[in-house]
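If you want the building blocks of each chain, they are given just below.
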Amino acid sequence: MKLLILGGARSGKSRFGQSRIEAFTGQLCYIATAQAFDSEMAQRIALHRADRGPRWATVEAPLDLPDAIMASAAQVDAILVDCLTLWLSNLMLAERNVAQASAQLAQAVQDCPVPLALVANEVGLGIVPDNALARRFRDEAGRLNQSIAQIAGEVAFLAAGLPLMLKG
C-alpha cells in the first residue's frame, strides 16, 4: 500500500493516516518532519507522540526523508510520514535543491517495500500569495503532491475528518 493523504489544516489527515497504518500488524514507524522552533510546536509534537501506542517507533527526519523511509522500511512493518509539507518547508529554509530532493523522495516511495502513508497539506485551494517565496512554496508543494500522487496506489482528500478517495 502506498497512500497519499491530502487536506487542509486540521482536516483529519494525520488521524486518518494513523488509523490506516495501525490496521497493519507488527511494528509501526512514524517519520516526523516537524521541527520544534517554539514551545507551541514542541507541545504539538508531544501530543502527537502521546497519541501513538507502544507499537510505534518515531524517527525524526526534517531533511533526509528519503533515507529515513528506506532505513525504517528495513526495520518495521508499516510507515506513516507526517508531513511532506513541513519537509518541503525545511528543505526551502535550508536552501536545499528541492527538485533533486523531491525526485529522491519519489524513488524512496516507489521502492519502499512496506505499507506507506504520507500526509501533505493541499495548499493550492486559496488565493495566489502576494510574495515570491509564498508563491514558490505553493508551486513546489503542488508539484510534490502531484509527483507522489502518481506513485501512490491510493490518494485521499480529507475535509472535516471525512475522506474523499481520489484514487484507489
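Coordinates for the structure precede this section.
Since this is a predicted model, take the numbers as computed values, not measurements. (Residues numbered from 1 in each chain as written. Predicted model: local features only at pLDDT ≥ 70, side-chain atom pairs only at ≥ 80, totals over all residues. Heavy atoms only, no water.)

(A) Representation of the side chain of Lys 2 within the structure. Counting through the fold element by element, Lys 2 comes out in strand β1 (residues 2-7). Of the buried charged residues, Lys 2 lacks a salt bridge, with Asp 111 as the closest side chain of opposite charge at 8.0 Å. Side-chain polar atoms of Lys 2 contact the backbone oxygen of Cys 112, separated by 2.8 Å. With near-sequence residues (within four places) excluded, Lys 2 lies in contact with Val 109, Gln 110, Cys 112, Leu 116, Ala 152, Gly 153 and Glu 154. (Helix = DSSP H or I, 4+ residues; strand = E, 2+ residues; numbered from the N terminus. Buried < 20%, exposed > 50% of the residue type's maximum accessible area, 1.4 Å probe, protein only. Lys, Arg positive; Asp, Glu negative; His and termini not counted. Salt bridge = Lys/Arg side-chain N within 4 Å of Asp/Glu carboxyl O. Polar contact = N/O pair within 3.5 Å; in protein donor to acceptor, adjacent residues only side chain to side chain. Contact = heavy atoms within 4.5 Å.)

(B) Looking closely at the packing of helix α4 (residues 84-93) against helix α5 (residues 98-111). Between α4 and α5, the shortest axis-to-axis distance is 10 Å and the interhelical angle comes to 145 degrees. Here the hand of the crossing between α4 and α5 comes out right-handed. For the pair α4 and α5, contact is made by Leu 84, Trp 87, Leu 88, Leu 91 and Met 92 and by Val 98, Ala 101, Ser 102 and Leu 105, respectively. Looking at side-chain class alone, the contact of α4 with α5 contains 8 nonpolar, 1 polar and no charged residues. (Axes fitted to C-alpha atoms, helices over the stretch in contact; angles between N-to-C directions. Left-handed = near helix turned anticlockwise from the far one by under 90°. Nonpolar A, V, L, I, M, F, W, Y, C, P; charged D, E, K, R; others polar.)

(C) Structural context of the state of the cysteines. This structure, assessed with the given rule, holds 0 disulfides. Here Cys 29 stays unpaired: no disulfide links it, and the sulfur of Cys 112, its closest cysteine neighbor, is 9.7 Å away. Judged by relative accessible area, which is 1%, Cys 29 ranks as buried. We classify Cys 112 as buried; its relative accessible area is 4%. (Disulfide = S-S within 2.5 Å.)

(D) Region of interest: the side chain of Ser 11. Mapped onto the secondary structure, Ser 11 falls in the loop between β1 and α1 (13-22). Separated by 2.8 Å, the side chain of Ser 11 and the backbone oxygen of Gly 8 make a polar contact. If we skip the residues at most four places from it in the chain, Ser 11 touches Leu 158, Ala 159, Ala 160 and Gly 161.

(E) Spotlight on the nonpolar core. Leu 4, Ile 79 and Leu 84 are the most contacted members of the largest nonpolar core, which totals 34 residues. Of all elements in the fold, only β1, β2 (28-32), α3 (65-73), β4 (78-82), α4, α5, β5 (116-121) and α6 (132-151) reach the threshold of two or more residues within this core. Top contributing element to this core by residue count: α5, with 6 residues. In terms of nonpolar packing, the next biggest core, distinct from the first, is built from 15 residues, Tyr 30, Ala 32, Cys 83 and Ala 117 among them. (Core = buried A, V, L, I, M, F, W, Y, C linked by side-chain atoms within 4.5 Å.)

(F) Up close: the pattern of salt bridges. Following the criterion strictly, the structure yields 5 salt bridges and no others. Close ionic contact of Arg 96 with Asp 64 constitutes a salt bridge, the shortest N to O distance being 3.6 Å. Highlighted residues: Arg 96 in the loop between α4 and α5 and Asp 64 in the loop between β3 (56-60) and α3, separated in sequence by 32 residues. Salt bridges here are not isolated pairs; linked through shared partners, they connect Arg 136, Glu 140 and Arg 143.

(G) Spotlight on the sheet that holds β1. Read across the open sheet, the 7 strands follow the order β3-β2-β4-β5-β1-β6-β7; overall the sheet is mixed. Edge strands, defined here as strands with exactly one partner in the open sheet, are β3 and β7 (162-167). Within the sheet, the average angular offset between the axes of one strand and its neighbour, ignoring direction, is 20 degrees. Across 4 bridges, β4 lies against β5 in parallel orientation. (Pairing = 2+ DSSP bridges.)

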